[in-house]
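# Close look at the chain arrangement
What follows is the residue order along each chain.
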Amino acid sequence: MDSCRKDQQLGASSSEPLEVIIIGNGPSGICLSYLLSGYTPYVKPEAIHPHPLLQRKLTEAPEVSILDQDLDYLSEGLEGRSQSPVALLFDALLRPDTDFGGNMESVLTWKHQKERAIPHVVLGRNLPGGAWHSIEGSMVTLSQGQWMGLPDLEVKDWMRRKRRGLRNSRATAGDIAHYYRDYVTKKGLGHNFVSGAVVTAVEWGTPKPSSSGAQDRSPLFQVSGVLTTEDQSQQPFSLCAHNVVLATGTSDSPAQLGIPGESLPFIHHELSALEAATRAGTVTPDSEPVLIIGAGLSAADAVLFAHHYNIPVIHAFRRTVDDPGLVFNQLPKMLYPEYHKVHQMMREQSILSPSPYEGYRSLPEHQPVLFKEDRQAVFRDPTGFQKVFGISLVLVLIGSHPDLSFLPGAGAHLAMDPNQPLSAKRNPIDVEPFTYQSTQQEGLYAVGPLAGDNFVRFVQGGALAVASSLLGKEARKPP
């Protein structure tokens, strides 16, 4: 833990450790950087919130920043589409009546109080926006465009200035990636962001006694990795910080089927492989079908992409088409017509029935057994019989896992159930609900999908909780 050194290019030019290092530069990391840069939310004096109980609480200390108030008290009694009370609170303040179809303005006003800023660095593999830059740009977002926005810059206002429009109240992934990058620039956050940084290790020890003999408030974290510079050279770096925030999302490590043949060169685990094969002409309307495995939105996006280019598809999934756990059965048809089109195809295009849509066939309740080198896929059907299909390319799109290999034990001990794999949906990192600090490690925080918040709309509440906690720590520091 004594090997931290100065890294000029990462903004750590003094011998003092950084206060905060944020690992991940997606929406969670950007929002937290905004809050740690002195941007402070207050309730507008004239604002009236439609939630009566919250409105009464907001009037009790109107001159006190939301960051300095009791988030537990403010969020009590709020209900919505998130399990996190503080996510519901921040969402209610930013978008007061959005769940009722309203378009009411935020009740917050933002003041830039530079004296409240906490020094920090945001490390990211890509440009600010994180995984949004690796999604095919024309894909339409699942959430409404207005729900993709970050504090104090509405997506619709940004789109209007760019002379772009929302499609069916939703934006394209390309627009959103551009919006996040623009947000960092417009809010003056760029000096905190380092792109091309891959973290390879985060280590910490036990707090050491200070010169006065008292214990430090938290251990010192050492964050090491490799930085790819503009000339594509790679430089190692090592930084120290009092606090580390994990904001890496979950798209790093695609889930595997774990069957023989999955490592063959025509088996892929990301939609971009189909896009590349289509561009290269290795997959065409005259090819053997592309096999798409999975019944989530990524698989649906792949079906839509193939359908657009008239590429034949075999679509296999282990559930029934009417399974209530299937995401299509949870989406309003009016907002998501293209996904309901895929769901309709899954139902009507079964191998068991004649296919009214040319070039698409679904295999509900089919388990893949193995892939052969001669591009054949073997399945077990619901009755236990095996079926063999000739295919040109395979996309296995069954979700992804966070890659926390840079943490001791890959972070397994931080999960809610340490004996199960870390999973954004089923087994996220166990955090305190109003600080998002790990229940297992002082000074280590997690936000976004790692903490169980899977929509941009709700990840911002985690950033609010972390910023509130860190500002509280600053206030408690001895003078």
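A brief report on the enclosed structure follows. (Residues numbered from 1 in each chain as written. Predicted model: local features only at pLDDT ≥ 70, side-chain atom pairs only at ≥ 80, totals over all residues. Heavy atoms only, no water.)

### Notes on the sheet that holds strand 12 (residues 313–317)
Strand order in the open sheet formed by five strands is 10-17-11-12-13, and the pairing between neighbours is parallel. Where the open sheet ends on each side, the last strands, each with one partner, are strand 10 (267–268) and strand 13 (360–364). Here four bridges tie strand 11 (residues 290–293) to strand 17 (residues 393–396), and the two strands are oriented parallel to one another. Within strand 17, the residue paired with leucine 291 across the bridge is valine 394. (Pairing = 2+ DSSP bridges. Helix = DSSP H or I, 4+ residues; strand = E, 2+ residues; numbered from the N terminus.)

### Some remarks on the packing of helix 4 (residues 85–94) against helix 10 (residues 456–476)
How two helices sit against one another is set out by the angle between their axes and by the gap between those axes. Running from N to C, helix 4 and helix 10 point in directions that differ by 110 degrees, and their axes come no closer than 7 Å. Taken together, helix 4 and helix 10 sit at an angle that is classed as roughly perpendicular. Each of Val86, Ala87, Leu88, Phe90, Asp91 and Leu94 in helix 4 lies in contact with helix 10, whose residues at this interface are Arg457, Phe458, Gln460, Gly461, Leu464 and Ala465. Among the residues making up the contact of helix 4 with helix 10, the classes are represented as eight nonpolar, two polar and two charged. (Axes fitted to C-alpha atoms, helices over the stretch in contact; angles between N-to-C directions. Parallel < 35°, antiparallel > 145°, perpendicular 65-115°, else oblique. Contact = heavy atoms within 4.5 Å. Nonpolar A, V, L, I, M, F, W, Y, C, P; charged D, E, K, R; others polar.)

### A closer look at the nonpolar core
One finds Ile23, Ile66, Leu123, Val202, Val223, Leu246 and Ile429 to be the most contacted residues of the largest nonpolar core, which totals 86 residues. No other element matches helix 10, which puts nine residues into this core. In terms of nonpolar packing, the next biggest core, distinct from the first, is built from 31 residues, Ala277, Ile292, Ala299 and Leu331 among them. (Core = buried A, V, L, I, M, F, W, Y, C linked by side-chain atoms within 4.5 Å. Buried < 20%, exposed > 50% of the residue type's maximum accessible area, 1.4 Å probe, protein only.)

### Focus on the sheet that holds strand 14 (residues 367–372)
Backbone-to-backbone hydrogen bonds join strands into a sheet, with any given pair of strands oriented parallel or antiparallel. Read across the sheet, three strands follow the order 14-15-16 without closing on themselves; strand pairing throughout is antiparallel. Among the strands making up the open sheet, the edge pair consists of strand 14 and strand 16 (386–390). Neighbour-to-neighbour, the strand axes of this sheet turn through a mean angle of 25 degrees, independent of strand direction. In this structure, strand 15 (residues 376–380) lies alongside strand 16, joined through five bridges in antiparallel fashion. In the sheet register, alanine 377 faces strand 16, and the bridge partner there is phenylalanine 389.

### A short note on the pattern of salt bridges
Per the counting criterion, the structure on display carries nine salt bridges. A salt bridge links lysine 57 to glutamate 76, with the shortest nitrogen-to-oxygen separation between them at 3.9 Å. Of this pair, lysine 57 sits in helix 2 (residues 52–58) while glutamate 76 sits in the loop between helix 3 (71–75) and helix 4, placing them 19 residues apart in sequence. Where lysine 473 meets glutamate 442, a salt bridge forms, and the shortest distance between an N and an O atom there is 3.7 Å. On the criterion of sequence distance, the pair formed by lysine 473 in helix 10 and glutamate 442 in the loop between strand 18 (400–401) and strand 19 (444–446) is long-range, its members being 31 residues apart. (Salt bridge = Lys/Arg side-chain N within 4 Å of Asp/Glu carboxyl O.)

### Section: the packing of helix 1 (residues 27–36) against helix 6 (residues 173–186)
Taken N-terminus to C-terminus, the directions of helix 1 and helix 6 make an angle of 15 degrees; their axes are 11 Å apart at the nearest point. Relative to helix 6, the element helix 1 lies roughly parallel. Once helix 1 is placed against helix 6, the crossing between them reads as left-handed. Of the residues in helix 6, those touching helix 1 at Pro27, Ile30 and Tyr34 are Tyr180, Tyr183 and Val184. For the contact of helix 1 with helix 6, the residue count by class is six nonpolar, no polar and no charged. (Left-handed = near helix turned anticlockwise from the far one by under 90°.)

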